[in-house]
Every structure is written in C-alpha cells, then in structure tokens.
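Residue strings, one per chain:
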Amino acid sequence: MTGWHAHLKLDYTLNAERTVAKFEHEGPLRVLQSLYPEGDAVCHNVLVHPPSGLVGGDVLDIHLNLGAGTHALLTTPGATRFYRSEQGLATQQVKAHVGDGARLEWLPLETIAYNGCHGLNHAVFDLAPTAEMMAWDITALGLPNANLPFERGQLQQHMEVSGVWLERGLIDAQDVRLMDGPLGLAKHRCMATLVFACGADLPRERRDLALALARELTEALPAGLVAGVTSPHPRVVVLRTLSPLVEPAQNLLRRVWASWRRGMWGMSDVPPRIWSM
C-alpha cells in the first residue's frame, strides 16, 4: 500500500555560542521557527505534521544531527496518531546522533494508537562519549474517555540507545494477558518511558542522584498510577509508568524531566511554550 512519505533532517551547529538549526524536508513534515526562551545556548523546535495522523503505508522519517556543544529541545504541538489501517504498516522513525558535549531533549507529546491501527514507533539515539540526552515516549492505547477502546490492531515499539540499551515490544490489542493481566498492562491504557542517557558510564554519584530525584517524585502517586525507576546500564537511567489515562503519566514525566534538568544539568526547567497552549 502506498502512503505519504515525509522526511525531515535537522542539523544543529554551534555559532558564537548559539545553537543554530538548519533543516531540509520533503513531504508533509515541517519544523517551526527556532525559539530561544532560555538564551542562545538552547534551541527549541516544534515538529509539525499537518495531516496529524498516519495510516497504512505512511512514513515519517526524522533525522537529527547535533554537532559538538549544541543543545536542542524538540517537541510536537499535538499527539502523533496511528489511525485505523485496512492494510500496510504506518511508521514513525527517528534517528538521532548527538555529538561530543551536546545535549538532546526529545519530548514529543503522546502517541495514540487508535482501534484497528498497525503502527511502528521506532527511535534510535547514538551518543558520542561526552553527549547526554533525555527522551521520552508516551503511548495511549485507544481513547477511553471517548468510549473508543483499543480492541484490535497492533503497535510495535522500538526505543534504543545504540549499543547500550534497547526496549522493543509488540502491543496486540487482542493479547488479553498483555492488555489485562497483572504481569502485563493490568488494564492500564497509557504507558510511558523517560530515559536519561550518556555516551559514557555515569559516575556512581550522578547515577544515584538521577535515581534519587526520580524516586522522590514517585513515592506519592495519584490513584491508578504506578511507576518505577531503574538503571539497567551504567549509562542509562529509565523511568517507566503505567496509567489509566495520558495526563497523570505525562504530568509525572514532566516533573521528573524538570527535576533531572535542575539536578543533572544545573539548568532551570523551562518548558516549551507550546505545552501551555
């Protein structure tokens, strides 16, 4: 099945201590004007996909290259939607290279898997030895509040820090053990992951700090929200959460992101302007 193929390439370079973004695009995928709400060092970009959703055969292909010493924060104005597909796979793929001394914050809004979708959400991050990043994935299965449950269809997920950490899974709506079992999603319909990763092993003190900051915020959670934080590799700290709905999970990830920004990078937490709209 032939669909819409959209490609976006973003290159970040350092010019007189200012992170500058240059981009090339093909098809319905754009980047809005670069914003600097926290000074020249950090470039904020919003990625826009005008069709607002993907069906079978559609491909969103995003390539990010952060040059040495740059700092980029990327988000989206709304959810990424995998709609019902009669045939064919809908794909969003992100490939990022983060150069020495660079920092990446990949913070898109949620991905929604609609009933009957067949989607692939694939993200790979390649970090130079002194690079660091924070990235999250928030996935909603159906729209429970709109009485549109996720009853059939599949979503494949792949999130990777090259050579260090990989999570890959298949969410099948008709896999009852996975969707409803106590060792699966336990009837939660939103799952989210937030990763802090470095290109070299974190000193034990920094890794312990990242864990402690996240655990402080997961000690008292709203009803129905469950979360845990681990360090599966000396270069990676991972927060995972399950929630009945998107908003509680998203709020937790934003709080941990802000805490990590302050504690791990010594920066204030300046959220993208689009989040308040």
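Residues numbered from 1 in each chain as written. Predicted model: local features only at pLDDT ≥ 70, side-chain atom pairs only at ≥ 80, totals over all residues. Heavy atoms only, no water.

(A) Structural context of the overall build of the protein chain. Broken down by element type, the protein chain carries 3 helices and 17 strands. Scaling as 2.2 N^0.38, a compact globule of 277 residues should have a C-alpha radius of gyration of about 19 Å, and the protein chain matches this with 18 Å. Its C-alpha atoms put the protein chain at 50 × 45 × 35 Å along the principal axes. The contacts in the protein chain between residues at least 6 apart in sequence include a share of 70% that link residues at least 24 apart. Accessible area for the protein chain stands at about 12500 Å²; split by element, carbon and sulfur atoms hold 51% of it. Averaged over its 24 positive side-chain charges, the protein chain has a centre that lies 2 Å from the centre of its 28 negative ones. (Helix = DSSP H or I, 4+ residues; strand = E, 2+ residues; numbered from the N terminus. Rg over C-alpha atoms; globule rule 2.2 N^0.38 Å. Contact = heavy atoms within 4.5 Å. Areas by Shrake-Rupley, 256 points an atom, 1.4 Å probe, with all protein chains shown as cover. Lys, Arg positive; Asp, Glu negative; His and termini not counted. Charge placed at Lys NZ, Arg CZ, Asp CG, Glu CD.)

(B) Structural detail: the sheet that holds strand S5 (residues 59-66). The mixed open sheet is built from 7 strands, whose spatial order is S2-S1-S5-S8-S11-S13-S14. Both outer strands of the open sheet, strand S2 (18-26) and strand S14 (165-172), are each paired with one neighbouring strand and no more. Neighbour-to-neighbour, the strand axes of this sheet turn through a mean angle of 10°, independent of strand direction. Here strand S1 (residues 5-15) runs beside S2; their pairing, made up of 9 bridges, is antiparallel. Across the sheet, residue His7 finds its bridge partner in S2, namely Glu26. (Pairing = 2+ DSSP bridges. Axes fitted to C-alpha atoms, helices over the stretch in contact; angles between N-to-C directions.)

(C) Quick look at the side chain of Gln250. Here Gln250 is to be found in helix H3 (residues 246-265). Apart from residues lying up to four places away in sequence, Gln250 is in contact with Leu109, Glu110 and Ile138.

(D) Spotlight on unusual backbone geometry. Positive phi values are uncommon outside glycine, yet Asn147 reaches one of about 60°. Along the chain, Asn147 falls in the loop between strand S12 (132-141) and strand S13 (154-161). Relative accessible area serves as the criterion here: at 66%, Asn147 is assigned to the exposed category. Positive phi outside glycine occurs at Ala186, with the angle close to 50°. In this fold, Ala186 is placed in the loop between helix H1 (176-180) and strand S15 (190-198). Looking at Ala186, the relative accessible area reads 32%, which means it is partly exposed. (Buried < 20%, exposed > 50% of the residue type's maximum accessible area, 1.4 Å probe, protein only.)

(E) A look at helix H2 (residues 204-218). Taking 1.5 Å per residue, 15 residues should reach 21 Å; H2 reaches 21 Å between its end C-alpha atoms and fits that length. Among the residues of H2, those classed as buried are Arg207, Ala210, Leu211, Leu213, Ala214 and Thr218. For H2, the angular spread of the buried residues around the axis is 160°, confining them to a single face. Exposed residues lying more than 90 degrees from the buried face of H2 are Arg204, Glu205 and Glu216. On its buried side, H2 packs onto strand S16 (226-233), strand S17 (236-243) and H3. (Expected span 1.5 Å × (residues − 1). Arc of directions from axis to C-beta.)

(F) Spotlight on the nonpolar core. Counting residues in hydrophobic clusters, the biggest one holds 50 residues, and the most contacted among them are Leu10, Leu64, Leu74, Leu104, Trp106, Phe125 and Met133. When sequence neighbours within four positions are dropped, the list of residues in contact with Leu74 reads Leu10, Tyr12, Asn45, Leu47, Leu64, Leu104, Glu105, Trp106, Leu107 and Pro108. (Core = buried A, V, L, I, M, F, W, Y, C linked by side-chain atoms within 4.5 Å.)

(G) View of the pairing of S5. For S5, the buried fraction is high: 6 of the 8 residues fall into the buried class. Bridge analysis of S1 against S5 gives 8 bridges, and the strand direction is parallel. Pairing of Ala6 across the sheet is with Leu60, part of S5. Here S5 pairs with strand S8 (residues 90-98) via 8 bridges, running parallel. Its bridge partner lying in S8, Asp61 is registered against Gln93.

(H) Representation of the pairing of S17. By the criterion of burial, S17 is predominantly enclosed, with 7 of the 8 residues buried. Across 8 bridges, the pairing between S15 and S17 is antiparallel. Bridge pairing in S17 links Phe196 to Val237. As paired strands, S16 and S17 are joined by 6 bridges and run antiparallel to one another. Directly across from Ala227, in S17, lies its bridge partner Thr241. Adjacent in sequence and paired antiparallel, S16 and S17 are bridged by 2 residues.

(I) Geometry of the side chain of Thr139. Summarising the element assignment, Thr139 is placed in strand S12. Classification of Thr139 by relative accessible area gives buried; the value is 0%. In terms of polar contacts, Thr139 uses its side chain to reach the side chain of Asp137, at 2.8 Å. Engagement of the side chain of Thr139 in a polar contact is seen with the side chain of Gln157, the distance being 2.8 Å. Not counting chain neighbours up to four residues away, the residues in contact with Thr139 comprise Thr111, Leu155, Gln157, Arg189, Cys190 and Met191. (Polar contact = N/O pair within 3.5 Å; in protein donor to acceptor, adjacent residues only side chain to side chain.)

Distances and angles like these do not, on their own, reveal function.
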